[in-house]
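Breakdown of the fold
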Amino acid sequence: MSILNLLKIAFRALRRNKLRAFLTMLGVIIGVAAVIAMMAIGQGSKQSIQSSLSGMGSNMITVQPQSNSPGSVRLAGSSIQTLKLEDIEAIKRLQSDNINGLSPVVSSGGQAIRGGNNWPTSITGIVPDYLHIRQLQLQDGIMFSDNDVKKSAKVCLLGKTVIDNLFTDGSNPIGQIIRFKSIPFQVIGTLVSKGQSNFGQDQDDIILAPFSTVRNRITATNYLQAIYASAVSEAASDAATAEITAAIRESHKLLPSQDNDFQVRTQAQLIATITATSSMLTVLLTAIAGISLLIGGIGIMNIMYVSVTERTREIGLRMSIGARGKDILMQFLIEAVLISITGGILGVLLGITSAYLIAYFLQWPILISQSSIVISFLVCGVTGIFFGYYPAQKASKLDPIEALRYE
């Protein structure tokens, strides 16, 4: 019997039991839709995080303090004091061709005040290289100079969030005075908005001021919270990291047997770490969604057993007029695959629609890849064959005489 005739028979059989066929497909539809949606969310989040981190500067190198006490948990954070301005000088003495930007960082939280308006924010002390390292751009005004850093000038740059909350009258902030912890700062520039990061942080809620001003007048400490550097290229990041590590170890007079009391990370390492975590979560979510496909496959097997039982006499009649066992096998196998593939098509459509609805209403990033759709179809085909084969084989091995006698 030709495949075309078998397809017609299978289609007629499914059409006779439309509701039952649809309910059988439902498990496959939900499973495929869940897999498509979960993969779209996972891939979209991973791509969005990578883009966000790359936007901070793909060549950026971050040095943070870290505890290296024997027997203690290795911790990194602003409360640990191991980095000093001498470390910056040690890195500068390298005169490395791999490093083209360097900035100490100190910061403090507090209230920014302008007239009757105030806003809880943070002020960060930096040097001019910081804008290049972090790929920040001026919207208006000018950047303070190295001379302003030397003189501890009371000038600052404002992010959009701070401007919106302090200058509610819409006036131009350039040239105006704000106060932070009772210290007056003249606004000399504003920053281009960067929006919210993928980690929920408002990147525009910031005040940038000369490093020496913040250190001497606000934090009153000799320690740094971080050091930011920039490699000349992404390829030079590893070499720059090695040089910075060696310079700071020498500055801290650490013995070869001693662990670092600081940690150096490149943006590429951070991207790789977060991407690996995101990929693992995507696989986990997809695996959970795939359970629905397994349940759908079991549903197909169950309904095919019911179908074989209901149509035992039909099978006996077909065999009695010349149908071979493999024709019966193919007939029921095609029915199972047809249910699975149809459910897969509907599931893909539902999954794509669900992903776009999630992106629209929840503002989550999504990325629907062709590979996820192709894989879903392949899985549906395999599911139909795997779960439909055993009932189909049972039907093909029925004794025609016994089948005709079946009530």
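Just so it is clear, the structure is predicted and the values come from calculations on it, not from any experiment.

1. Some thoughts on helix 8 (residues 237-251)
The end-to-end C-alpha distance of helix 8 is 21 Å, a good match for the 21 Å that 15 residues give at a rise of 1.5 Å each. Along helix 8, the positions that sit buried rather than exposed are S237, A240, T241, I244, T245, A247, I248 and R249. Check the buried side of helix 8 and you find it contacts strand 1 (60-65), helix 3 (85-94), strand 2 (99-114), strand 9 (226-231) and strand 10 (262-266). Two residues or fewer after helix 8 comes K253, characterised by a positive phi angle close to 55 degrees.

2. Quick word on the UniProt feature "transmembrane region" (unreviewed entry) in the protein
UniProt records the feature "transmembrane region" (unreviewed entry) for residues 21-42, 280-308, 329-362 and 368-390 in the present numbering. Within the segment residues 329-362, helix and strand shares are 100% and 0% respectively, and the terminal C-alpha atoms sit 48 Å apart.

3. Here we look at the confidence of the model for the protein
For the protein, the mean per-residue pLDDT works out to 86, and 92% of the residues sit at or above 70. Predicted confidence for residues 71-76 stays below pLDDT 50, and this span has 14 contacts to residues more than four positions away or in other chains.

4. Looking at the nonpolar core
Core analysis: the biggest nonpolar cluster contains 59 residues, and L158, I178, F185, I207 and L208 have the highest contact counts within it. With residues near it in sequence (within four places) discarded, L208 still touches T124, I126, Y130, L131, L136, F144, V155, C156, L157 and L191. Of all hydrophobic cores here, the second largest spans 28 residues; its members include M25, V32, I36 and I315.

5. A look at the pattern of salt bridges
This model, assessed by the stated rule, comprises six salt bridges. We note a salt bridge from R114 to D169, for which the minimum N-O separation is 3.5 Å. Of this pair, R114 sits in strand 2 while D169 sits in the loop between helix 6 (160-166) and strand 6 (177-180), placing them 55 residues apart in sequence. The exposure class of R114 is buried, given its relative accessible area of 16%. R311 is paired through a salt bridge with E335; the nearest N and O atoms lie 2.8 Å apart. With a gap of 24 residues between them, R311 in the loop between helix 9 (267-310) and helix 10 (312-320) and E335 in helix 11 (residues 325-362) connect regions that are remote in the sequence. The residues R311 and E335 share a single accessibility class, namely buried. Taken together, the shared-partner salt bridges in this structure form one network comprising R311, E314 and E335.

6. Things to note about the environment of I368
Position of I368 among the secondary structure elements: in the loop between helix 11 and helix 12 (370-396). Judged by its relative accessible area of 23%, I368 falls in the partly exposed class. Sequence spacing of I368 and L284 is 84 residues, and the spatial spacing of their C-alpha atoms is 17 Å. Leaving out residues up to four positions away in the same chain, I368 has contacts with A40, I352, A355, Y356 and I373.

7. Details of the domain arrangement of the protein
If you check the domain split of the protein, you get domain 1 (3-52 + 273-405) and domain 2 (67-260). Computed over C-alpha atoms, the centres of domain 1 and domain 2 are 55 Å apart.

8. Digging into a nonpolar patch on the surface
The grouping of L19, F22, L23, L26, I30, I345, L346, L349 and F377 at the surface amounts to a nonpolar patch, some 800 Å² of accessible area in total. Of all elements in the fold, only helix 2 (18-55) and helix 11 reach the threshold of two or more residues within the nonpolar patch. Mapped onto the elements, L19 comes out in helix 2.

9. Considerations on a positive patch on the surface
Judged by side-chain charge, K8, R12, R15, R16 and K18 come together as a positively charged surface patch. Top element by residues in the positive patch is helix 1 (residues 3-16). It accounts for four residues. Turning to its location among the elements, R16 is positioned in helix 1. What makes R16 exposed here is its relative accessible area of 54%.

10. Considerations on the side chain of T312
With respect to the helices and strands, the residue T312 is situated in helix 10. On the basis of relative accessibility, which here comes to 7%, the residue T312 falls in the buried class. Of the polar contacts made by the side chain of T312, one reaches the backbone oxygen of V308; its length is 3.0 Å.

11. Describing the UniProt feature "domain: ABC3 transporter permease C-terminal" (unreviewed entry) in the protein
The feature "domain: ABC3 transporter permease C-terminal" (unreviewed entry), as given by UniProt, occupies residues 287-400 in the numbering adopted here. What you have in residues 287-400 is 87% helix and 0% strand, and the ends, taken at the C-alpha atoms, are 43 Å apart.

12. Digging into the packing of aromatic side chains
This structure, assessed with the given rule, holds four aromatic pairs. A centroid spacing of 6.0 Å and a plane angle of 65 degrees characterise the contact between Y305 and Y390, whose relative ring orientation is edge-to-face. Residue Y305 is found in helix 9, and its partner Y390 is found in helix 12; the two are separated by 85 residues along the sequence.

13. Concerning the packing of helix 10 against helix 11
Where helix 10 meets helix 11, the axes come as close as 10 Å, and the angle between the chain directions of the two elements is 140 degrees. By the criterion of interaxial angle, the relationship of helix 10 to helix 11 is oblique. For the element pair helix 10 and helix 11, the recorded crossing hand is right-handed. From helix 10, E314, I315, R318 and M319 reach across to helix 11, where they touch G325, I328, Q331 and F332. Residues belonging to the contact of helix 10 with helix 11 are distributed by class as follows: four nonpolar, two polar and two charged.

Scoring rules and cut-offs
Residues numbered from 1 in each chain as written. Predicted model: local features only at pLDDT ≥ 70, side-chain atom pairs only at ≥ 80, totals over all residues. Heavy atoms only, no water. Helix = DSSP H or I, 4+ residues; strand = E, 2+ residues; numbered from the N terminus. Expected span 1.5 Å × (residues − 1). Buried < 20%, exposed > 50% of the residue type's maximum accessible area, 1.4 Å probe, protein only. Contact = heavy atoms within 4.5 Å. UniProt positions renumbered as here; feature names shortened; annotations may be inferred. pLDDT = per-residue confidence, 0-100. Core = buried A, V, L, I, M, F, W, Y, C linked by side-chain atoms within 4.5 Å. Salt bridge = Lys/Arg side-chain N within 4 Å of Asp/Glu carboxyl O. Domains from an automatic or database assignment. Patch = residues over 30% accessible without salt bridge, like charges linked within 9 Å, V, L, I, M, F, W, Y side chains within 5 Å. Areas by Shrake-Rupley, 256 points an atom, 1.4 Å probe, with all protein chains shown as cover. Lys, Arg positive; Asp, Glu negative; His and termini not counted. Charge placed at Lys NZ, Arg CZ, Asp CG, Glu CD. Polar contact = N/O pair within 3.5 Å; in protein donor to acceptor, adjacent residues only side chain to side chain. Phe/Tyr/Trp six-rings, centres within 6.5 Å; stacked < 30°, edge-to-face > 60°. Axes fitted to C-alpha atoms, helices over the stretch in contact; angles between N-to-C directions. Parallel < 35°, antiparallel > 145°, perpendicular 65-115°, else oblique. Left-handed = near helix turned anticlockwise from the far one by under 90°. Nonpolar A, V, L, I, M, F, W, Y, C, P; charged D, E, K, R; others polar.

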